Amino acid sequence: MAARQSAWESAQIQLAEAVRHLGLDDGTHQLLATPRREMTVSIPLRRDDGNVEVLRGYRVQHNLSRGPAKGGIRYHPSTDIDEVRALAMWMTWKCSLIGIPYGGAKGGVTIDPRLYSRTELERVTRRYASEIGPIIGPEKDIPAPDVGTDEQTMAWFMDTYSVNRGYTVTGVVTGKPVSIGGSEGRAGATSRGVMIAAFAALREAGANPRDVSVAVQGFGKVGGLAAQYLHDAGCKVVAVSDVKGGAYNAMGMNPAKMLREMRAGMESVVGYPGTDAITNEELLELDVDVLVPAALESVIHDGNADRIKARFIVEGANGPTTPDADAVLESNGVVVVPDILANSGGVAVSYFEWVQDLQAYWWSEHEVTDRLRGILESSYAEVSALAVERGVSLRTAAQMIGVGRVAEAHRTRGLYP
Ligand code: NAD
């Protein structure tokens, strides 16, 4: 068995496929394959016990041709420059695909946040924000939460940036608490988008969305609320998981109740009353209608793709399916709603948040979710129509649209000097 494809390998292979279908020249391919700007910083942290430890942080701006860079900040022990590069590239295609005026970026710190206190994480965030400060800003690059970070992280980031500038700059990050310029509807936006994308795919296949079973890998910001929204909409959620493992009940479970208990201090979904413990690997291979990977990259690979029984995979996570696995799934007739479409609800509402911050004018949750639905449904329809027209997968069609618009922006702007 070949080694599992990494996120960066997957991103490059997907790009090459889109370039081939679009008939772009080698120079344009190279331009699109190469990150525009990369920053590596060291983050000296004074631990609570007085010792000093030095962490590594990154910010990669993959492309700026359509507007300021946009993308989350990840705190995870396996984060490295290649992972951040891949995530930044996917952000470029995602923003382009859904038609918002951003390029793509991503940031990360190599750290396991579970092993640090809240005050230590605040110091890490403030130092990281200061170090990458010169390349960040509402008109340059706008971070947001990702794995291991949340709205509190964004509040510290925004505060640090603002203090360093001498005035409050709400538009420097999105995914902030509503009390300091965050948007109504942002916290659940990615998950709501996952549900809208899943329902679009199910309806297109003639399936009744209220008559399906679902398994969700990852019970964090995206997976937790995706499970809840799908359950609330009538789907039967039979399995959820987190880093420690999964919980399974063939009769279904109530994710809202589990989320409440997580917020109240429950550490894991494993061992939840009325469920059987399963592994993350077993969850992926359950006999369900819809599988929502909402944790990390490359979890569906050439080693397990053939054992996936779900008819639909709706990618809440970025890059959960490797290109090797995509080929197997396609030949097995599995419909994969790709990450850059399925999880684009988060950046769509981040865009709304940034627009509200720049205008200092606030929208209602109803306005936000209506606009989100509009973007997701029209993007899905566009991707699906191109997939049919060109006889390609939804992923290739989504990449063709995303990559094609960025290539067009480069052509139109011209090459300096
Ligand atoms: P999170 O940190 O809130 O949650 C991550 C979840 O995955 C947690 O339940 C964690 O326990 C679990 N997990 C971690 N390692 C795991 C492993 N090895 N196996 C199984 N589960 C594991 O992160 P999030 O913001 O929900 O992000 C999840 C995915 O969604 C990432 O791929 C992220 O890039 C993507 N995404 C997030 C957003 C957003 O708005 N937060 C938007 C678009 C895409």
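Structure: above.
Residues numbered from 1 in each chain as written. Predicted model: local features only at pLDDT ≥ 70, side-chain atom pairs only at ≥ 80, totals over all residues. Heavy atoms only, no water.

## Topic: the overall build of the protein
- When helices and strands are counted, the protein shows 14 helices and twelve strands.
- Against the 2.2 N^0.38 benchmark of 22 Å for 417 residues, the protein shows a C-alpha radius of gyration of 20 Å, consistent with a compact globule.
- Each of the three principal axes of the protein carries a C-alpha extent, and together these read 55 × 55 × 45 Å.
- Within the protein, the fraction of its 417 residues that count as buried is 59%.
- Pairs at least 24 apart in sequence give 69% of the contacts found in the protein among residues at least 6 apart.
- By element, 50% of the accessible surface of the protein is carried by carbon and sulfur atoms, the whole surface being about 16,800 Å².
- Averaged over its 42 positive side-chain charges, the protein has a centre that lies 4 Å from the centre of its 51 negative ones. (Helix = DSSP H or I, 4+ residues; strand = E, 2+ residues; numbered from the N terminus. Rg over C-alpha atoms; globule rule 2.2 N^0.38 Å. Buried < 20%, exposed > 50% of the residue type's maximum accessible area, 1.4 Å probe, protein only. Contact = heavy atoms within 4.5 Å. Areas by Shrake-Rupley, 256 points an atom, 1.4 Å probe, with all protein chains shown as cover. Lys, Arg positive; Asp, Glu negative; His and termini not counted. Charge placed at Lys NZ, Arg CZ, Asp CG, Glu CD.)

## Points about the pattern of salt bridges
- What the rule picks out here adds up to 26 salt bridges.
- Residue Arg-114 pairs with Asp-112 through a salt bridge whose shortest N-O separation is 3.3 Å.
- You can call Arg-114 exposed: its relative accessible area is 58%.
- The network of salt bridges with common partners includes Arg-74, Glu-83, Lys-106, Asp-146 and Glu-297. (Salt bridge = Lys/Arg side-chain N within 4 Å of Asp/Glu carboxyl O.)

## Re the packing of helix α7 (residues 221-232) against helix α8 (residues 255-263)
- Two elements in contact, α7 and α8, have axes whose closest approach is 8 Å; the angle formed by their N-to-C orientations is 150°. In terms of their interaxial angle, α7 and α8 are classed as roughly antiparallel. Contacts from Gly-224, Leu-225, Ala-227, Gln-228 and His-231 of α7 reach α8 at Pro-255, Ala-256, Leu-259 and Arg-263.
- Grouping the amino acids of the contact of α7 with α8 by side-chain chemistry returns five nonpolar, three polar and one charged. (Axes fitted to C-alpha atoms, helices over the stretch in contact; angles between N-to-C directions. Parallel < 35°, antiparallel > 145°, perpendicular 65-115°, else oblique. Nonpolar A, V, L, I, M, F, W, Y, C, P; charged D, E, K, R; others polar.)

## A look at the packing of helix α1 (residues 7-22) against helix α14 (residues 394-413)
- Running from N to C, α1 and α14 cross one another at 75°; their axes reach a closest spacing of 9 Å. On the basis of the axis angle, α1 is roughly perpendicular to α14. Contacts from Gln-14, Leu-15, Glu-17, Ala-18, His-21 and Leu-22 of α1 reach α14 at Arg-395, Thr-396, Gln-399, Met-400, Val-403 and Gly-404.

## A word on the nonpolar core
- Within the largest apolar cluster, 84 residues are counted, with the highest numbers of intra-cluster contacts made by Trp-93, Val-214, Val-240, Val-292, Val-314 and Val-337.
- If one sorts the elements of this core by residue count, helix α6 (residues 189-204) sits on top with ten residues.
- Split by domain, the residues of this core number at least three in each of domain 1 (35-177) and domain 2 (189-342).
- Dropping the residues within four chain positions of it, Val-240 is found in contact with Val-216, Phe-219, Ala-227, Gly-246, Ala-247, Met-253, Met-258, Val-269 and Leu-283.
- In this structure, Val-41, Leu-121, Met-154 and Met-158 belong to the second largest nonpolar core, which totals 24 residues. (Core = buried A, V, L, I, M, F, W, Y, C linked by side-chain atoms within 4.5 Å. Domains from an automatic or database assignment.)

## Observations concerning the site of the ligand
- Surrounding the ligand, one finds 21 residues, the nearest of these being Asp-146, Thr-190, Lys-221, Val-222 and Asn-318.
- Measuring from an oxygen atom of the ligand, one finds a side-chain N or O atom of Thr-190 at 2.8 Å.
- A class-by-class count of the residues in the shell around the ligand yields eight nonpolar, eight polar and five charged.
- Domain assignment of the residues forming the shell around the ligand places at least three in each of domain 1 (35-177) and domain 2 (189-342). (Near = heavy atom within 4 Å. Polar contact = N/O pair within 3.5 Å; in protein donor to acceptor, adjacent residues only side chain to side chain.)

## Remarks on the sheet that holds strand β5 (residues 141-145)
- The strand order across the open sheet formed by five strands is β1-β2-β4-β3-β5, and the pairing between neighbours is mixed. For this open sheet the edge positions go to β1 (37-46) and β5, each flanked by a neighbour on one side alone. Averaged over all neighbouring strand pairs, the angle between strand axes comes to 20°, with direction disregarded.
- Taken strand by strand, helix α4 (residues 118-132) contacts β1, β2 (52-63), β3 (69-76) and β4 (103-110), and its axis lies near 145° from that of β1. (Pairing = 2+ DSSP bridges.)

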